[in-house]
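Results of the structural survey
Residue strings, one per chain:
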Amino acid sequence: MRTFIALSILICIATMASVTHAQEVVVHPTVLQEQISRNTLRAIFSKRLQNWPEGTAITVFVLGDRSPLHIAFCKQILNVFPYQLRRAWDRLVYSGTGQSPLEVNTEEDMRKRIANTPGAIGYLPTIGQDDELKVLPVQ
Amino acid sequence: MTNLKCCPFNKSFEINKFFLVAFILVLGISSTARAGGISLPDTLQIHGFASQGYIHTSDNNFYGSSQNGSFDFTELGLNASFRPFSVLQFSAQLLSRRAGRGDEGDIRLDYGLVDYRFYSNEAMRAGIRIGRIKNPFGLYNDTRDVAFTRPSILLPQSIYFDRARNPALSSEGVHLYGDRQFDFGDLSLQIGAGYPMVEDIETERAFLINDQAGHLDGKLSYIGRIVFEQDGGRIRLGLSGAWVKMDYAPGTADPVGAGTINFNPLIFSAQYNAESWSLTSEYALRRIEIKNLGAIPDREQTGESVYFQGTYRITPILEALVRYDILYQDRGDRNGDNFALQTGLPGHLLYAKDWTVGLRWDIMEALMFRIEYHSVDGTAWLPLLDNTGLPSSERYWGLFSILLSYRF
């Protein structure tokens, strides 16, 4: 019984850790900005803001709506619920007034696409040293 | 700009087959592209949707002969958008909709526009759109034929009624838009001038009682919407208004004269979004003024609509809905008593009160199943073309519906 309780606690801690695991906002290294505000980040991920201050087009990459990393990013970094972003994108896509972000299937795809697309932005679990990406701290 | 809706009916069947084949082809290509087979440039996007509904009513008809159960409810859409520069976008959507006798599946251009953003910085954007543009109206009008974006199979009919829906869809003209972030929230504004689409029979019948010898002509009209969002859309407040003008062009030996119809709808919208539930309400006033139409007497009338809607996300893929929706065609005669006295017709033609319950199941991100039931008192939003004997319609009736929808 004691082992069972200990195991349950361990599982709980492990689940909590995986739910709250840190993510970082990641951009292509040519993006000049050194940090970003939550409001600007929201404007970018809801596809209202299309340009970096220097004029480069912003290309937004996201994981699927049901991806745990996407859900955590929406709730913890953007402070919105994933369904709200989906509604905003649908309004743009099906009324011809904008485009949806580009969806990638895996974190590895996310890393590659951001590294290969000037002006790209996305999110990843905490990354180590990576010369092909730049981490943008959120103010 | 040509209106694709004017194709003759016998031709439209052929065109529909063509559209269906093209639709399936694009579906194939886009899923291959997604699987990494073909690479589209990042600036070009193709999306679409396909929905099939089933409707069964206890009395009265809604989308076909629904008293016997009707599959006469299909929505197909295909759109493309191209953004060669971050400030410039071209987009167009083709739509085919079958919904009883009012909509027989003709393909039409839902929107086709150029969007140029002439001002943009971190806190503020402004731009212009030219072409056929979806009317920015209330919370749901812009994407009203896309099942995934609706809260229920049928939108609250008091405001998004399908009787005379054409003028509500899109108009041809110019829109200016802007949005700005403030510390207290985000404000967005869209205003436009253009010509509404009013030349179909259902619209004519809705405004002029019958299909008259002449036809309605959309005149220069105006529309606008302002939306305030707080906390990334947790609270959304909106105000939309339109000033729609149409003239009647009489036919030969027409007792109806060359008069004018003014239509001024106004909608107040409010929504609160929590993680597992949302509350939504909209209130609308619709003023109709009919002048100098000869055989049709001058008239000024204000309709009133309101609904309260709650959705609850039981799990991330299962959502329940409850809504109460009220429509009064004439707020000066809510129960239709005067109307009944003057015309001898039943008063319930002038109102409808609809209790709706529904369930949405997102089987996959791209596939959705819905089921819902409406218990209705009144017949004010029954489609005119599906109910030729409207005066003998039943006051109390029920509507059951299921719908399957796919999108990409």
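Values in this document were obtained by computation on a predicted structure and should not be read as measured data.

Where two aromatic rings form a pair, the distance of their centres and the angle of their planes describe that pair. Residue and element names in this part refer to chain B. Inspection of every chain in the model, using the stated rule, returns 17 aromatic pairs over all chains. With a centroid separation of 4.8 Å and 50° between ring planes, the pair formed by tyrosine 54 and phenylalanine 71 is classed as tilted. Of this pair, tyrosine 54 sits in strand β1 (residues 44–57) while phenylalanine 71 sits in strand β2 (residues 70–85), and the two are 17 residues apart along the sequence. Overall, phenylalanine 71 belongs to the exposed group, its relative accessible area being 56%. Put simply, the rings of Phe62, Tyr63, Phe73, Trp381 and Trp397 touch in pairs and so form one group of aromatic residues. Arginine 129 extends its terminal NZ or CZ atom over the ring of tyrosine 177, reaching a point 3.8 Å from the ring centre.

What follows is about the interface of chain B and chain A. If you look at the interface, chain B gives 54 residues, while chain A gives 39 residues. Overall, the association of chain B and chain A removes approximately 3,700 Å² of surface from exposure, summing both partners, and the carbon and sulfur fraction of that is 40%. Scanning the region where chain B abuts chain A turns up 6 salt bridges. Across the pair lysine 75 of chain A and glutamate 275 of chain B runs a salt bridge, and its minimum N-O distance is 2.6 Å. Summed over the shared surface of chain B and chain A, the number is 28 residue pairs in polar contact (both at pLDDT 80 or more). Considered class by class, the residues forming the side of chain B that touches chain A number 14 nonpolar, 20 polar and 20 charged.

Let us now look at the sheet that holds strand β4 (residues 120–125) of chain A. Residue and element names in this part refer to chain A. The strand order across the open sheet formed by 5 strands is β3-β2-β4-β1-β5, and the pairing between neighbours is mixed. Here the strands that pair on one side only, and so sit at the sheet edges, are β3 (102–103) and β5 (134–135). Packed on one face of the sheet, helix α2 (residues 38–45) meets β1 (23–27), β2 (59–62) and β4 and runs near 110° to β4.

Before going further, it helps to examine the packing of helix α3 (residues 68–78) of chain A against helix α4 (residues 82–93) of chain A. All names here are of chain A. Closest axis-to-axis distance for the α3/α4 pair is 9 Å, and the angle between their directions is 95°. With respect to α4, the axis of α3 lies roughly perpendicular. Where α3 abuts α4, its residues His70, Ile71, Cys74, Lys75 and Leu78 lie against Pro82, Leu85 and Trp89. In the contact of α3 with α4, the residues fall into 6 nonpolar, 1 polar and 1 charged.

Scored by pLDDT, chain B has a mean of 88; 92% of the residues are at 70 or more. Within the model, the stretch residues 1–12 of chain B combines pLDDT values under 50 with 18 contacts to residues more than four positions away or in other chains.

It is worth spelling out the packing of α2 of chain A against α3 of chain A at this point. Relative orientation of the contacting elements α2 of chain A and α3 of chain A amounts to 145°, with a least axis distance of 10 Å. Facing Arg38, Leu41, Arg42 and Phe45 of chain A of α2 of chain A, the residues of α3 of chain A in contact are Phe73, Gln76, Ile77 and Leu78 of chain A.

All names here are of chain B. Within the structure shown, the criterion is met by 36 salt bridges over all chains. Close ionic contact of arginine 132 with glutamate 172 constitutes a salt bridge, the shortest N to O distance being 2.6 Å. Of this pair, arginine 132 sits in strand β5 (residues 124–134) while glutamate 172 is found in strand β6 (residues 170–182), placing the two residues 40 residues apart along the sequence. Here arginine 132 and glutamate 172 have matching classes, each one buried. Ionic pairing is found between arginine 313 and glutamate 319, a salt bridge with its closest N-O pair at 3.3 Å. Taken together, the shared-partner salt bridges in this structure form one network comprising Arg97, Asp103, Arg108, Asp110, Lys134, Arg144, Asp145, Asp162 and Arg165.

Glancing now at α3 of chain A. Quick reminder: α-helices carry 3.6 residues per turn. Residues three or four places apart thus point the same way. Those residues of α3 of chain A that sit buried are Leu69, His70, Ala72, Phe73, Cys74, Ile77 and Leu78 of chain A. Downstream of α3 of chain A by one or two residues, asparagine 79 of chain A has phi in the positive range, about 65°.

What counts as what
- Residues numbered from 1 in each chain as written.
- Chains lettered and ligands numbered in written order.
- Predicted model: local features only at pLDDT ≥ 70, side-chain atom pairs only at ≥ 80, totals over all residues.
- Heavy atoms only, no water.
- Phe/Tyr/Trp six-rings, centres within 6.5 Å; stacked < 30°, edge-to-face > 60°.
- Helix = DSSP H or I, 4+ residues; strand = E, 2+ residues; numbered from the N terminus.
- Buried < 20%, exposed > 50% of the residue type's maximum accessible area, 1.4 Å probe, protein only.
- Lys NZ or Arg CZ within 6 Å of the ring centre and 35° of its normal.
- Contact = heavy atoms within 4.5 Å.
- Buried area = accessible area lost by both parts, 1.4 Å probe.
- Salt bridge = Lys/Arg side-chain N within 4 Å of Asp/Glu carboxyl O.
- Polar contact = N/O pair within 3.5 Å; in protein donor to acceptor, adjacent residues only side chain to side chain.
- Nonpolar A, V, L, I, M, F, W, Y, C, P; charged D, E, K, R; others polar.
- Pairing = 2+ DSSP bridges.
- Axes fitted to C-alpha atoms, helices over the stretch in contact; angles between N-to-C directions.
- Parallel < 35°, antiparallel > 145°, perpendicular 65-115°, else oblique.
- pLDDT = per-residue confidence, 0-100.

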